[in-house]
Amino acid sequence: MKPTAELFELIHSLSRTEKGYFKKFASLHVKGGENNYIKLFDAIEQQTDYDEEAIKIQFAKETFVKHLPSEKNYLQQLIMKSLRLYHAKTNLGKELRELIDYIEIYMDKGLYRQCEKLVLKAKKLAQTHERFMALAEIIKWEKKLETTRGNALNRDKTWQLHNETINAIQNELEVQQFFRMQDEMVSVVETVGQARTKEDVDNANQKIEALLKIDKTKFNSALSSILYYNTLAAYYYFIGDYEKSYQSSKYYLTATELDYERSSDSSNYVNGLHNHYVSCHRTKRYDECYWLVDKIKSIPVNSTKGDETIFSRVFSIEIGLAISTGRFKELVLLVEADAEKILVKNIFVDTSLNKDEMQCVALGRTYTDIAKFNLAASFFLRAHSLNPANAY
């Protein structure tokens, strides 16, 4: 049976900091054979393609290579354990889940003072990041703590906690309603593209009617505001009002930026920058497009996936801008710097602009001009696969 490359793929997906964390973790949690696992990790990391025979030759004098499959399996488990701990420190959902688990343990052991400290910490975290369902669960433990400690007769505190629970659930309900409206509108855009008939416009108006009646000064959460403006931007694009779509996406960007400043969570902000770029490009606001590119580049990332997401978006945007504005010298520089990385990672296209084929052809021609014919052929082949009817 051919050896699988799962461990190789896992190791090569790790960021530099994740690799460093794993090696520290392995040195602390493996007794006796720790060097073997780190040596195996390093050997696989240095390979460009997985070659198990090369591993066996490299470690022919080592005892562990005689049972390499089980060693690889244990190394993979060890990496996953280190990642779980590493991301527990950086992943909000996991951090909240861990705090709630600790709250329950302290409650079961009757350690109420420690429990109260964690309740307050978890509650503040959930409120800051608008994790309303987690907040409702944390308040449930806060109420249980008050009751267990004999404070149930404090009616003011009891009613306050009841009201906080209701507010958290109502806020989550509002967010989910906005998610539904956004998903319905985006689904229409993805399915139809833009309105072609009066019936298309009427259907969109019907879907958006409730949204247009909402008092935008009374949102219960930042996420509600983000979803509201993103839905409006999609709606105005669908009916062909690009200027109102641009204005709505601008408000959407502002909402995501405020959320980012408040919570330090960049996921919505990256989407806000990218979506507003699409509106700017559509309305030929190219100077603003370049300003948005600089904004996206300035966002710090702490994972390989995040780095690739930012790189993919920025590269695609810069290629599209160079084509749209006729800056072909700039295109050559971009290609020289990053195109080989794009081909390897296969994270090229910006489908929101429908420029996949055009970008491939432009890159193919650019590589032809600088006499890199193998790379030129790769892009022409990709363009052909996107549209076999065309010849290049």
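Residues numbered from 1 in each chain as written. Predicted model: local features only at pLDDT ≥ 70, side-chain atom pairs only at ≥ 80, totals over all residues. Heavy atoms only, no water.

Quick notes on the overall build of the protein chain
Using the following cut-off: Only DSSP runs of H or I with at least four residues qualify as helices, and only runs of E with at least two residues qualify as strands; both kinds are numbered from the N terminus onward. In what follows, residue pairs with any heavy atoms lying within 4.5 Å of each other are defined as contacts. For the accessible areas, the method is Shrake-Rupley and the probe is 1.4 Å, while residue cover comes only from the protein chains on display.
In terms of regular secondary structure, the protein chain is built from 18 helices and zero strands. Taking the intrachain contacts of the protein chain between residues at least 6 apart in sequence as the baseline, contacts between residues at least 24 apart amount to 64%. For the protein chain, the accessible area works out to roughly 22,000 Å², and carbon and sulfur atoms hold 51% of it.

With respect to the state of the cysteines
Inclusion rule: Note that a disulfide, as used here, is simply two cysteine sulfur atoms within 2.5 Å.
If you walk through the whole model with that rule in mind, you get zero disulfides. Considering cysteine sulfurs only, C289 is the nearest to C280, which forms no disulfide, with 5.1 Å between them.

A look at helix α12 (residues 242–263)
Residues that lie three or four places apart on an α-helix share one face, since the helix turns once every 3.6 residues. Under the convention used in this document: One less than the number of residues in a helix, times 1.5 Å, gives the span that helix is expected to have. A simple rule labels every residue: compare its accessible area, found with a 1.4 Å probe on the protein chains alone, to the largest value its type can have, and call it buried under 20%, exposed over 50%, or partly exposed in between.
The end-to-end C-alpha separation of α12 is 31 Å, in line with the 32 Å expected for 22 residues at 1.5 Å each. All of the buried residues along α12 are S245, Y246, S248, S249, Y252, L253, A255, T256, D259, Y260 and S263. The inward-facing, buried residues of α12 abut α7 (112–128), α11 (222–238), α13 (267–282) and α14 (286–297). One or two positions beyond α12, positive phi appears at S264, with a value near 65°.

What about the nonpolar core?
Convention followed: For this analysis, a nonpolar core means a set of buried residues of the types Ala, Val, Leu, Ile, Met, Phe, Trp, Tyr and Cys, connected via side-chain atoms within 4.5 Å.
Ranked by internal contacts, the top residues of the largest apolar core, which has 24 residues, are F22, L40, F41, I44, I55, L75 and I79. Where this core is concerned, the elements lending two or more residues are α1 (6–13), α2 (16–29), α3 (34–45) and α5 (68–88). One finds V175, L211, L227 and Y229 within the second-largest nonpolar core, a separate group that totals 23 residues.

Quick word on the packing of α12 against α13
The cut-off we apply is this: Where helices are involved, their axes are fitted lines through C-alpha atoms of the stretch in contact, as for all axes, and angles between N-to-C directions lie from 0 to 180°. The scheme is simple: roughly parallel for angles under 35 degrees, roughly antiparallel for over 145, roughly perpendicular for 65 to 115, oblique for anything else. Crossing handedness: left-handed means the near helix sits turned counterclockwise from the far one by under a right angle, and right-handed means the same turn made clockwise. In the scheme used here, Gly and all other residues not listed as nonpolar or charged are polar, with Ala, Val, Leu, Ile, Met, Phe, Trp, Tyr, Cys and Pro taken as nonpolar and Asp, Glu, Lys and Arg as charged.
With their axes 8 Å apart at the nearest point, α12 and α13 run at an angle of 160° to one another. Looking at the two axes, α12 sits roughly antiparallel to α13. The two elements α12 and α13 cross, and the hand of that crossing is left-handed. Packed against α12, whose contacting residues are Y242, S245, Y246, S249, K250, Y252, L253, T256, E257, D259 and Y260, the element α13 presents N268, Y269, N271, G272, L273, N275, H276, S279, C280 and R282 at the interface. A per-class count over the contact of α12 with α13 returns eight nonpolar, nine polar and four charged.

So, helix α9 (residues 155–192)
The end-to-end C-alpha distance of α9 is 56 Å, a good match for the 56 Å that 38 residues give at a rise of 1.5 Å each. Residue G193 follows α9 closely and has a positive phi angle near 95°.

Description of the packing of aromatic side chains
Where we set the bar: Aromatic rings from Phe, Tyr and Trp, with only the six-membered ring used for Trp, were paired whenever their centres fell within 6.5 Å, and each pair was classed as stacked if the ring planes differed by under 30 degrees, edge-to-face if by over 60, and tilted otherwise. Only Lys NZ and Arg CZ are tested; either one counts as a charge over a ring when it is within 6 Å of the ring centre and within 35 degrees of the ring normal.
Taken as a whole and judged by the stated rule, the model has twelve aromatic pairs. With a centroid separation of 5.3 Å and 50° between ring planes, the pair formed by F59 and F64 is classed as tilted. Exposure class is identical for F59 and F64. Each is buried. Plain terms: the ring middles of Y260 and Y269 are 5.0 Å apart, the flat faces sit at 15° to each other, and that makes the pair stacked. Here Y260 and Y269 have matching classes, each one buried. An aromatic cluster is defined as three or more aromatic residues linked by ring pairs; in this entry it consists of F178, F219, Y228, Y229 and Y251. Positioned over the ring face of Y242 is R282, at 5.7 Å from the centre of the ring. We note R285 situated over the ring of Y246; from NZ or CZ to the ring centre the distance is 3.6 Å.

So, the packing of α9 against α11
Remark: α9 packs on α11, axes separated minimally by 9 Å, with the N-to-C direction vectors making an angle of 20°. When the axes of α9 and α11 are compared, the pair comes out roughly parallel. For the pair α9 and α11, the crossing hand works out as left-handed. Every residue of α11 that contacts α9 at E174, V175, F178, F179, M181, Q182, M185, V188, V189 and V192 is listed here: L223, S224, L227, Y228, N230, T231, A234, Y235, Y237 and F238. Split by residue class, the contact of α9 with α11 holds 15 nonpolar, four polar and one charged.

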